[in-house]
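# Breakdown of the fold
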Amino acid sequence: MRRITEAGNTVVLSEHNPEIILNSNRIIDLGPGAGRHGGEVVFAGTPARMLAEADTKTADYLRACLGAGK
């Protein structure tokens with residue numbers, strides 16, 4: 001994926017792997033829940049901004065993966 005983006009292309013993923021999410025350029029988080037309980041953009045920005053500011057399930061998950069809690 002890195003080679004693809006370094007060549008000037010855009011990659012869009014639906015991903016749950018924290019390593020991939022945290023190494024992305026931008027995150028667009030849809031929620032607040034799954035299925036009929038989701039579909040709204042609840043956060044859009046960088047991984048660093050998500051970790052620092054976002055109050056979403058994805059942000060909580062990433063903080064837990066990093067051992068940072070909330």
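Everything here concerns the structure above.
A short tour of the structure in this document, coming up. (Residues numbered from 1 in each chain as written. Predicted model: local features only at pLDDT ≥ 70, side-chain atom pairs only at ≥ 80, totals over all residues. Heavy atoms only, no water.)

Here we come to the pairing of strand β1 (residues 27-31). The alternating pattern of β1 places I27, D29 and G31 on a buried face and I28 and L30 on a face that is not buried. Summarising the sheet, β1 and strand β2 (residues 40-45) pair through five bridges and their orientation is antiparallel. What sits directly across from I27, in β2, is G45. (Buried < 20%, exposed > 50% of the residue type's maximum accessible area, 1.4 Å probe, protein only. Helix = DSSP H or I, 4+ residues; strand = E, 2+ residues; numbered from the N terminus. Pairing = 2+ DSSP bridges.)

Examined against the element boundaries, D29 turns out to sit in strand β1. R63 is the oppositely charged side chain nearest to the buried, salt-bridge-free D29, at an N-O distance of 9.2 Å. Here T56 takes part through its side chain, which lies 2.9 Å from a polar atom of the side chain of D29. (Lys, Arg positive; Asp, Glu negative; His and termini not counted. Salt bridge = Lys/Arg side-chain N within 4 Å of Asp/Glu carboxyl O. Polar contact = N/O pair within 3.5 Å; in protein donor to acceptor, adjacent residues only side chain to side chain.)

Inspection of the secondary structure puts C65 in helix α4 (residues 57-65). On a C-alpha basis, the gap between C65 and V41 in space is 22 Å, while along the polypeptide they are 24 residues apart.

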